[in-house]
Amino acid sequence: MMWLSWRQFRVQALSGAVVLGVIVACLLYLGADIREGHDLFQAGCRGQAGCAQAKAEFRGAYENTLLFLAAGLALIPAIIGTFWGAPLIARELEGNTHTLAWNQSVTRRRWLLTKILIVGIAAMVLTGAAGTTLTWAAAPFDEVVKNQFSTFVFGARNIAPFGYAALAFTLGTLAGLLLKRTLPAMALTLVGFIVFQFFFATMVRPNLVPAEHARLPMTAEAINEAQNLGSITGGSVINGVRVPDAPDAWVAETSPLRTPDGKTMDGGKFSACITNPPETGAGGTFGDAAVCLAKYDLHVDVSYQPTGRFWTFQILETLVYLALSGTLVALSLVRIRHRVT
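Since we're looking at a predicted model, the values are computed, not measured. (Residues numbered from 1 in each chain as written. Predicted model: local features only at pLDDT ≥ 70, side-chain atom pairs only at ≥ 80, totals over all residues. Heavy atoms only, no water.)

(A) Focus on a nonpolar patch on the surface. Side chains of Leu75, Ile79, Phe83, Leu190, Val191, Ile194 and Val195 sit close together on the surface and give an oily, nonpolar patch of about 630 Å² of accessible area. If you list the elements that add at least two residues to the nonpolar patch, you get α2 (47–95) and α7 (182–204). If one sorts the elements of the nonpolar patch by residue count, α7 sits on top with four residues. Inspection of the secondary structure assignment puts Val195 in helix α7. (Patch = residues over 30% accessible without salt bridge, like charges linked within 9 Å, V, L, I, M, F, W, Y side chains within 5 Å. Areas by Shrake-Rupley, 256 points an atom, 1.4 Å probe, with all protein chains shown as cover. Salt bridge = Lys/Arg side-chain N within 4 Å of Asp/Glu carboxyl O. Helix = DSSP H or I, 4+ residues; strand = E, 2+ residues; numbered from the N terminus.)

(B) Focus on the state of the cysteines. Evaluated as defined, the whole model comprises one disulfide. Residue Cys273 pairs covalently with Cys292 via a disulfide, S to S 2.0 Å. Torsion about the S-S bond of the Cys273 and Cys292 cystine: about -60°, corresponding to left-handed handedness. Linking Cys273 in helix α9 (residues 267–275) with Cys292 in helix α10 (residues 287–294), this pair joins segments that are 19 residues apart in sequence. By relative accessible area, which is 1% here, Cys273 ends up buried. (Disulfide = S-S within 2.5 Å. Buried < 20%, exposed > 50% of the residue type's maximum accessible area, 1.4 Å probe, protein only.)

(C) Representation of the domain arrangement of the protein chain. Taken domain by domain, the protein chain consists of domain 1 (1–207) and domain 2 (212–307). Each of domain 1 and domain 2 was reduced to a C-alpha centroid, and the two centroids are 37 Å apart. Domain 1 puts four residues into the contact, and the matching count from domain 2 is six residues. When the buried surface of domain 1 facing domain 2 is broken down by residue, Lys146, Phe149 and Pro206 rank first, second and third, together holding 86% of it. Remark: the boundary between domain 1 and domain 2 carries zero salt bridges. (Domains from an automatic or database assignment. Contact = heavy atoms within 4.5 Å. Buried area = accessible area lost by both parts, 1.4 Å probe.)

(D) Region of the structure containing unusual backbone geometry. Here the phi dihedral of Asn158 falls at roughly 60°; this positive angle occurs in a residue that is not glycine. Its place among the elements puts Asn158 in the loop between α5 (151–155) and α6 (160–179). Even without being glycine, Asp297 reaches a positive phi, approximately 55°. You can see Asp297 is positioned in the loop between α10 and β5 (299–305).

(E) Seen up close, the side chain of Ser236. Tracing the backbone shows Ser236 in the loop between β2 (228–229) and β3 (238–239). For Ser236, the side chain forms a polar contact with the main-chain oxygen of Met265, separated by 3.1 Å. Discounting chain neighbours no more than four positions away, the residues touching Ser236 are Pro256, Leu257, Thr264, Met265 and Phe270. (Polar contact = N/O pair within 3.5 Å; in protein donor to acceptor, adjacent residues only side chain to side chain.)

(F) Spatial organisation of the sheet that holds β5. With respect to topology, three strands assemble into an open sheet ordered β1-β5-β4, the strand pairing being antiparallel. For this open sheet the edge positions go to β1 (212–217) and β4 (250–254), each flanked by a neighbour on one side alone. In this sheet, adjacent strand axes meet at a mean angle of 40° when their direction is disregarded. Across four bridges, the pairing between β4 and β5 is antiparallel. Paired with Glu253 across the two strands is Ser303, which belongs to β5. (Pairing = 2+ DSSP bridges. Axes fitted to C-alpha atoms, helices over the stretch in contact; angles between N-to-C directions.)

Printed below as a string of structure tokens:
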């Protein structure tokens, strides 16, 4: 049974090995280049102003490339689930080749479990190896920028890719078993896994561990350290604020700008400060607008996760994905035993 499963899977396995070899080679080259850039950053980090300039240059040189690679790595589990998981059983059912195996001494469950283990482990190894290599390549950049909780970055580092590959593959396997048609199963797997990834990152991950809370005064200096002001709807919001006691923390939720009595700042006053602030000659990212807003004695309430919890989130999220994968395998074994004919 093991030998037969390998013979059926060998083309995909060899193709995956070739793709992985290309990915690893490119990432090793990139990692060496990032380390050279990191050496230049350290050499240029002289004084506060010099360090800020060197950091901006170092970040600008590699940030877009690493984000692109992280997004690409996020697609690998979805592709594996679509092209390895969904056809695994659906193709057998469509071609009626499963009846030969089921008329031998091997039981349905053993037949299915052997296939899942062989191809599933290969899927996890491929995705995990790519994620581990990217983690190594980006290590100097992550050390400087400290943006590991970013959605794409988090999912492309350390052990999380192993869990993603396991869930995508088992989801595809169950979809093929239920639908019994390869193309519909592939479509369902691709869309379903991507939707679940988005849902988990935005709705579940922030609540895996109870967040810390803080009230941050929005002085002109604090406003200038934020990433942006306002929104498409014109709301009095600010994004990208930093927690002074934990400057590298993941800020999961930020309230609108609030007045001392806890009410949301009036939209008209906010818009006036953004579009037509009194001229003060102030510098900084938002300049006169920051000074104008600071006069209202504003604050925001934030929920955040300290950087030290990064590995806690990695482990918990991976365990959740592996547990869901195990559940899907169990459902597949029940389905094939009682209902598939």
